[in-house]
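# Summary of the model geometry
Below are the chains, spelled out letter by letter.
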Amino acid sequence: MSFLLLSVALCFLNISVAMFASIGLPLLVLLPTPLALAVQRKGVLATILAAIPGLLAVGRLYPDVWPVMLSVILLGIYLGWEVSMDIEPSDILWQGTIFAAGLFLLWTAWSMHQGNSIVFLWIKQLDTYMKPENLPYLQAFDAEQRLQMFSELKRTIMEIYPSLLLIYLTLLVIANLWLTRKLLPFFGERLKPYLPFEFWRIAHPVVWGIIVGILFVFAGIEWNRAALHMLGVNLFISFSLPYLICGLGIISLQLRRMQAGDLLRRLLLLLCILQPFLIQAALWLGVFDTWCDFRKLEALKEN
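Small disclaimer: the values here were computed from a predicted structure and weren't measured. (Residues numbered from 1 in each chain as written. Predicted model: local features only at pLDDT ≥ 70, side-chain atom pairs only at ≥ 80, totals over all residues. Heavy atoms only, no water.)

## A word on the packing of helix H10 (residues 207-222) against helix H11 (residues 226-257)
- Look at H10 against H11: their axes get within 7 Å of each other, and the N-to-C directions meet at 155°. Accordingly, the angle class assigned to the pair H10 and H11 is roughly antiparallel. Crossing handedness for the pair H10 and H11: left-handed. In contact with Val207, Gly209, Ile210, Val212, Gly213, Ile214, Phe216, Val217, Ala219, Gly220 and Ile221 of H10, H11 contributes Leu228, His229, Leu231, Gly232, Val233, Leu235, Phe236, Phe239, Ser240 and Tyr243.
- Its residues assigned to classes, the contact of H10 with H11 shows 15 nonpolar, six polar and no charged. (Axes fitted to C-alpha atoms, helices over the stretch in contact; angles between N-to-C directions. Helix = DSSP H or I, 4+ residues; strand = E, 2+ residues; numbered from the N terminus. Parallel < 35°, antiparallel > 145°, perpendicular 65-115°, else oblique. Left-handed = near helix turned anticlockwise from the far one by under 90°. Contact = heavy atoms within 4.5 Å. Nonpolar A, V, L, I, M, F, W, Y, C, P; charged D, E, K, R; others polar.)

Shown next as structure tokens:
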């Protein structure tokens, strides 16, 4: 009976998200969470078998979006399996992002094989949704200036699309990982305690992603190579997110040491995220932590 109820619930979730997708929402961001919970409670095999009816229903009713549903289902199952293995959240974050990116590449290949471009639909719809008259801050300029600025905005968005997608997938994994670990204790699951993000640290070789990105940007400018410049920008943006999280962790830990209250600490972190200058400061704080170890983590581990 429990397996039947699980199957019905997952079928309902699949069809619900497919209905959202049919009106323009690509996926429900937190759908992997109930799948991860199902893996914890029923196991990987039972969750896969229970998700099949929903996936078949989606394929029957909304054939264009079933690859999205399959990707979300696999991501939820993967996250649930990693949480059940008591893997550290920082490792789940990076591994889950790589897994999600792999699923997206398979989805892209399938889309191209089918001769459609559903994957890049939002890029094609820039002309529809991002009209100059829909952007209030452009109203202060004349028509020619608005057209030029709008064209530059579209070009920039299309150039950094790969890195924006990777950041989106990382945030998707973060949201579902956080919610899964918050909800599991309510289902009677005892989870292995783990260090908060203030103690996360990025592996040293990762910093080369940012360094190579910067070198490619300057090389593209110097040699007038647009492709090289675009590759460098995407590398820099993609590798910036983990170091931004690391930098925010450093700031949060220092605020704890200053005995700042939880509310004040969260407000200050939110301020850091909302201010471009503070975002850059946190980012480079995380990068230089590779060599400086601002938190003295080795000493903390010994204690």
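Alright, that's what it looks like, and here's the rest.
## Focus: the layout of surface pockets
- Taken as a whole, the largest pocket spans an internal volume of roughly 1200 Å³.
- When contributions to the lining of the largest pocket are tallied by element, the ones reaching two or more residues are helix H5 (89-113), helix H9 (161-183), H11, helix H12 (262-274) and helix H13 (276-292).
- Looking at the lining of the largest pocket, the element that brings in the most residues is H11, giving eight residues.
- Looking at the lining of the largest pocket residue by residue, the classes come out as 24 nonpolar, two polar and six charged. (1 Å grid on protein atoms, 1.4 Å probe; cavity = no way out; pocket = protein on both sides within 12 Å on 5 of 7 lines; lining within 4 Å. Points joined across faces, edges and corners; volume = space filled by probe spheres on them.)

## What about helix H3 (residues 44-61)?
- For H3, with 18 residues, the first-to-last C-alpha span of 26 Å sits near the 26 Å given by 1.5 Å per residue.
- By the burial criterion, the buried members of H3 are Ala46, Thr47, Ala50, Ala51, Gly54, Ala57 and Val58. (Expected span 1.5 Å × (residues − 1). Buried < 20%, exposed > 50% of the residue type's maximum accessible area, 1.4 Å probe, protein only.)

## Focus: the pattern of salt bridges
- Taken as a whole, this structure holds three salt bridges when the rule is applied.
- The partner of Arg265 in a salt bridge is Glu198, and the shortest N-O contact between them spans 3.4 Å. Here Arg265, found in helix H12, pairs with Glu198, found in the loop between H9 and H10; they are 67 residues apart in sequence, far enough to count as distant. Residues Arg265 and Glu198 agree in their burial class; the two are buried.
- Asp262 is the salt-bridge partner of Arg265, the closest N and O atoms lying 3.1 Å from each other. (Salt bridge = Lys/Arg side-chain N within 4 Å of Asp/Glu carboxyl O.)

## A look at the packing of H12 against H13
- Two numbers describe how H12 lies on H13: the axes approach to 5 Å, and their chain directions differ by 100°. Accordingly, the angle class assigned to the pair H12 and H13 is roughly perpendicular. Counted together, Leu271, Cys272, Ile273 and Leu274 of H12 and Pro276, Leu278 and Ile279 of H13 form the full contact between these two elements.
- Considering only residue class, the contact of H12 with H13 consists of seven nonpolar, no polar and no charged.

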